[in-house]
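# A look at the structure
Chain by chain, the residues run as shown.
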Amino acid sequence: MTTPGTVLSHTAGEHAAPGFDVRRVRDDFPILRQKIHGKPLVYLDNAATSQKPLAVLDALHHFYTSDCSNIHRGVHLLSERATNAYEAARVKIQRFLNAADSREIIFVKGTTDAINLVAHTFGRQRVQAGDEILLTAMEHHSNIVPWQLLGEEKGAQLRVAPMNEAGELRMEEFEKLLSPRVKIAAISHVSNALGTVNPVKKMIALCHSHGIPVLIDGAQAAPHLKIDVGDLDADFYAISAHKMYGPTGIGALYGKTALLDSMPPYQGGGDMIRSVTFEKTEFNVLPYKFEAGTPHIAGGIGMGAAVDYMEQVGMERIATHEHRLLEYGTELLSSISGLRLVGTAREKASVLSFVLEGVHPHDVGTILDLEGIAVRTGHHCAQPVMDRFGIPATTRASLALYNTREELDTLAAGIRKVKEVFN
Amino acid sequence: MADLRDLYQELVIDHSKRPRNFHKLEGANITAQGYNPLCGDRVTIYLKFENGRVQDIAFEGTGCAISTASTSMMTEAMKGKTKEEAEAAFERFHDLVTGVYPRQASDPPLGKLEVFCNVSDYPVRVKCATLAWHTLRSALEGTGDTISTE
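Residues numbered from 1 in each chain as written. Chains lettered and ligands numbered in written order. Predicted model: local features only at pLDDT ≥ 70, side-chain atom pairs only at ≥ 80, totals over all residues.

### With respect to the overall build of chain B
Within chain B, the regular secondary structure consists of five helices and four strands. Starting at the N terminus, the α and β elements of chain B follow one another as α-α-β-β-β-α-α-α-β. In terms of overall size, chain B behaves like a compact globule, its C-alpha atoms giving a radius of gyration of 14 Å where 150 residues would be expected to give roughly 15 Å. Summarising its shape, the C-alpha atoms of chain B cover approximately 45 × 35 × 25 Å along the three principal directions. Looking at the 150 residues of chain B, the share that counts as buried comes to 42%. (Helix = DSSP H or I, 4+ residues; strand = E, 2+ residues; numbered from the N terminus. Rg over C-alpha atoms; globule rule 2.2 N^0.38 Å. Buried ≥ 20, exposed ≤ 12 C-beta atoms within 10 Å, placed from the backbone.)

### A word on the overall build of chain A
Each helix and strand in chain A was counted, giving 14 helices and 17 strands. Computed over C-alpha atoms, the radius of gyration of chain A comes to 22 Å, within 12% of the 22 Å expected from 2.2 N^0.38 for 423 residues, which places it in the range of a compact globule. Taking all 423 residues of chain A together, the buried fraction comes to 52%.

### Some words on the sheet that holds strand E8 (residues 214-217) of chain A
Residue and element names in this part refer to chain A. With mixed pairing, the seven strands of this open sheet are ordered in space as E4-E10-E9-E8-E7-E5-E6. The open sheet terminates on both sides in strands that have one partner only, identified here as strand E4 (105-108) and strand E6 (157-161). Adjacent strand axes in the sheet meet at a mean angle of 20 degrees, parallel and antiparallel pairs treated alike. Sheet topology places strand E7 (residues 182-188) next to E8; four bridges connect them, and they run parallel. (Pairing = 2+ DSSP bridges. Axes fitted to C-alpha atoms, helices over the stretch in contact; angles between N-to-C directions.)

### A closer look at helix H10 (residues 297-313) of chain A
Given 3.6 residues per helical turn, the α-helix brings residues three or four places apart onto the same face. With 17 residues, H10 of chain A extends 25 Å between its outermost C-alpha atoms, agreeing within 8% with the 24 Å of an ideal straight helix rising 1.5 Å per residue. Within H10 of chain A, 14 of the 17 residues are buried, which leaves it mostly tucked inside the rest of the structure. (Expected span 1.5 Å × (residues − 1).)

### Let's talk about the sheet that holds strand E13 (residues 339-341) of chain A
Residue and element names in this part refer to chain A. Taken together, the four strands give an open sheet; going across it, the order is E13-E14-E17-E16, and neighbouring strands pair in antiparallel fashion. Single-partner strands in this sheet number two, and they are E13 and strand E16 (376-378). Within the sheet, the average angular offset between the axes of one strand and its neighbour, ignoring direction, is 30 degrees. Taken together, the three bridges between E13 and strand E14 (residues 351-356) define a ladder with antiparallel strand orientation. Each residue of the ladder has a partner; that of arginine 340, found in E14, is valine 355. Taken strand by strand, helix H12 (residues 361-370) contacts E14, E16 and strand E17 (394-398), and its axis lies near 160 degrees from that of E16. (Contact = placed C-beta atoms within 7 Å.)

### Structural notes on the interface of chain B and chain A
Chain B puts 16 residues into the contact, and the matching count from chain A is 15 residues. Of the residues assigned to the side of chain B that touches chain A, the class counts are twelve nonpolar, three polar and one charged. (Nonpolar A, V, L, I, M, F, W, Y, C, P; charged D, E, K, R; others polar.)

### Quick word on the packing of helix H11 (residues 315-334) of chain A against helix H14 (residues 405-421) of chain A
Residues and elements named next belong to chain A. One can describe the packing of H11 onto H14 by two numbers: an axis separation of 10 Å at closest approach and a directional angle of 20 degrees. One way to sum up the angle between H11 and H14 is to call them roughly parallel. For the pair H11 and H14, the sense of crossing is right-handed. Listed contacts from H14 to Leu325, Tyr328, Gly329, Leu332 and Leu333 of H11 are Arg405, Leu408 and Ala412. (Parallel < 35°, antiparallel > 145°, perpendicular 65-115°, else oblique. Left-handed = near helix turned anticlockwise from the far one by under 90°.)

### Let's talk about the nonpolar core
Core analysis: the biggest nonpolar cluster contains 167 residues, and Ala306 of chain A together with Ile45 of chain B have the highest contact counts within it. The residues touching isoleucine 45 of chain B, leaving out its near neighbours within four places in the chain, are Thr31, Ala32, Ile57, Phe59, Ala132, Thr135, Leu136 and Ala139 of chain B. (Core = buried A, V, L, I, M, F, W, Y, C linked by C-beta atoms within 7 Å.)

### Concerning the pairing of E4 of chain A
Residues and elements named next belong to chain A. Here E4 shows two buried faces, one formed by Ile105 and Phe107 and the other by Ile106 and Val108. Sheet analysis places E4 next to strand E10 (residues 251-255), joined by four bridges and oriented antiparallel. Paired with phenylalanine 107 across the two strands is alanine 252, which belongs to E10.

### A few points about the packing of helix H3 (residues 65-78) of chain B against helix H5 (residues 126-141) of chain B
Residue and element names in this part refer to chain B. Taken N-terminus to C-terminus, the directions of H3 and H5 make an angle of 40 degrees; their axes are 7 Å apart at the nearest point. Relative to H5, the element H3 is oriented oblique. As H3 runs across H5, the sense of the crossing is right-handed. Contact residues: Ile66, Ser67, Ser70, Thr71, Met74 and Met78 in H3; Cys128, Ala129, Leu131, Ala132, Trp133 and Leu136 in H5. Counted by class, the contact of H3 with H5 contains nine nonpolar, three polar and no charged residues.

### A look at the confidence of the model for chain B
Residues and elements named next belong to chain B. Residue-level pLDDT values for chain B average 91, and 93% of them are 70 or greater. By mean pLDDT, strand E4 (residues 147-148) is the weakest element of chain B at 66, and H3 is the strongest at 97. The complex prediction reports pTM at 0.92, with the ipTM value standing at 0.89. (pLDDT = per-residue confidence, 0-100.)

### Some details on unusual backbone geometry
Residue proline 287 of chain A is reached from leucine 286 of chain A by a cis peptide bond, and omega for that bond is -5 degrees. Position of proline 287 of chain A relative to the elements: it lies in the loop between strand E12 (281-283) and H10. With an omega of -10 degrees, the peptide bond between tyrosine 101 of chain B and proline 102 of chain B qualifies as cis. Relative to the elements of secondary structure, proline 102 of chain B occurs in the loop between helix H4 (83-97) and H5. Phi at histidine 380 of chain A takes a positive value of approximately 60 degrees, unusual for a residue other than glycine. A positive phi angle is found at asparagine 51 of chain B, which is not glycine, with a value near 55 degrees. Relative to the helices and strands, asparagine 51 of chain B is located in the loop between strand E2 (41-50) and strand E3 (53-62).

### Let's talk about the pairing of E7 of chain A
Residue and element names in this part refer to chain A. Most of E7 is tucked away, with seven of its seven residues classed as buried. In this structure, strand E5 (residues 132-136) lies alongside E7, joined through three bridges in parallel fashion. The residue bridging leucine 134 from the neighbouring strand is alanine 185, located in E7. Note on the crossover from E7 through helix H7 (residues 200-209) to E8: the handedness is right-handed. (Right-handed = clockwise from strand over helix to strand, strands pointing away.)

### Thoughts on the confidence of the model for chain A
Mean pLDDT over chain A: 94, with 96% of residues reaching 70 or higher. Confidence over residues 1-14 of chain A falls short of pLDDT 50; this stretch has 18 contacts with residues more than four positions distant or in other chains.

### Remarks on H11 of chain A
Residue and element names in this part refer to chain A. Taking 1.5 Å as the rise per residue, H11 with 20 residues should run 28 Å; its terminal C-alpha atoms sit 28 Å apart, in good agreement. Among the residues of H11, Ile318, His321, Glu322, Leu325, Leu326, Gly329 and Leu332 are the ones counted as buried. Projected down its long axis, H11 shows its buried positions confined to an angular sector of 140 degrees, all on one face. Exposed residues pointing more than 90 degrees away from the buried face of H11 are listed as Glu327 and Glu331. Those residues of H11 hidden inside the fold are in contact with helix H1 (22-27), H10, E14 and H14. (Arc of directions from axis to C-beta.)

Spelled out as structure tokens, the structure:
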């Protein structure tokens, strides 16, 4: 695919990250081999959900064909194998996040579920009338609404740290908001709509100096950056498997042991109890206290396989490859007249969000789809971000480890086609 | 294979870039708002409805090309229509964009509005094409609620 008007070279090996062969990586993702409207699929909607490698699909298949059983309760061999595989996945996630102990890893449905868990337990315990909950202007709805509900219930206020025109947090304003009234801060590590990487380590340290515990929404960070909850000193860290090459409907909440121990259970049910009578229930130990009911066992195992896959490719190699792609794409799209990138932070990951003069993102999305290119259009579940930039919506291309420069060339050619239709 | 020119025909592009009756209507006695949360489209329909007929109609708002063109062409088509005629036209238009038009050979033609026939190949865009019509119906029924496509 050639792109008129650009002189950027895209020789396959020339800019590749050392030890990283994107063509071999692509072979691991069977879904990428198909055509859409007669054109090769160019999947650039990774911030919505990523595709799944064979290793993950095989893990799901293996569970259902060989080990399917309920966990933590059977005396038979299948149950033992299922339990072992599920608990082994927990340890993989613990290591992936560099958590101190696997009991600090709670399996949840995803990031949204994780944030709701913390808001309902820790939040309810800690936040009272007149208190404040600190967010940033770039949060996803899933890191706004649970806190809004808690605020309404308790009579507490949301405070929102603003960002600048580039989509970077204004740290001096963030610092001004820190006060004894703030009982918890909830901050995204990477913005889903803008790609901004927030300086969360520094922000956590600032919050801690004011005695404020911090939840980090890591949904968009885990697929792209090496996460170290110990180094960050995060109190809670939430991730979704499906954004990091794993199955949908499963994710993990990391929480410091002392905090998790002090929190009441989230949901009641089986597996989260030690003993039950009609008079009193004694709750189970961590992490099971927060895992009521039969979980998404195959999903947990699949998430473990996804973590293995990413580590096998190498988080640093993934980050390097994606960073180079992002630089290439930024330059390529910036050269298109009438196109404005939304979110131009110095520290960014994965996301190319843009508006095209005179064309609604929804029309851009439909025309790109006819070229085989999958992007997201709309407000990306971040309406306050759109309001901040005075736009109803953007078109968002988001990158993953299997994307290539040639695909970004196809995107640029597709955008030029959109302009032709609306010229 | 779907061709983008089937959806984005010249007439659609023209109406999206130069929408007709695109202004606030002085003397309007009914207004209604429509909202499509999926893409953030918003439309306000202004109606001057007297003696049982649409004497005048105009709109304001922001939206995609399909939504804007559909609203623009609807306002052209609805001038002088009774409430019953407008509702019947909406039913036929809805049939058109969902691929079941005409139900009977005797159905009256939709004229220029038939430019939207290929919307039926793009199910996610049906809401874009019908937002204005839903809003018009709400205006004529006088419910006054903001119409949401979700």
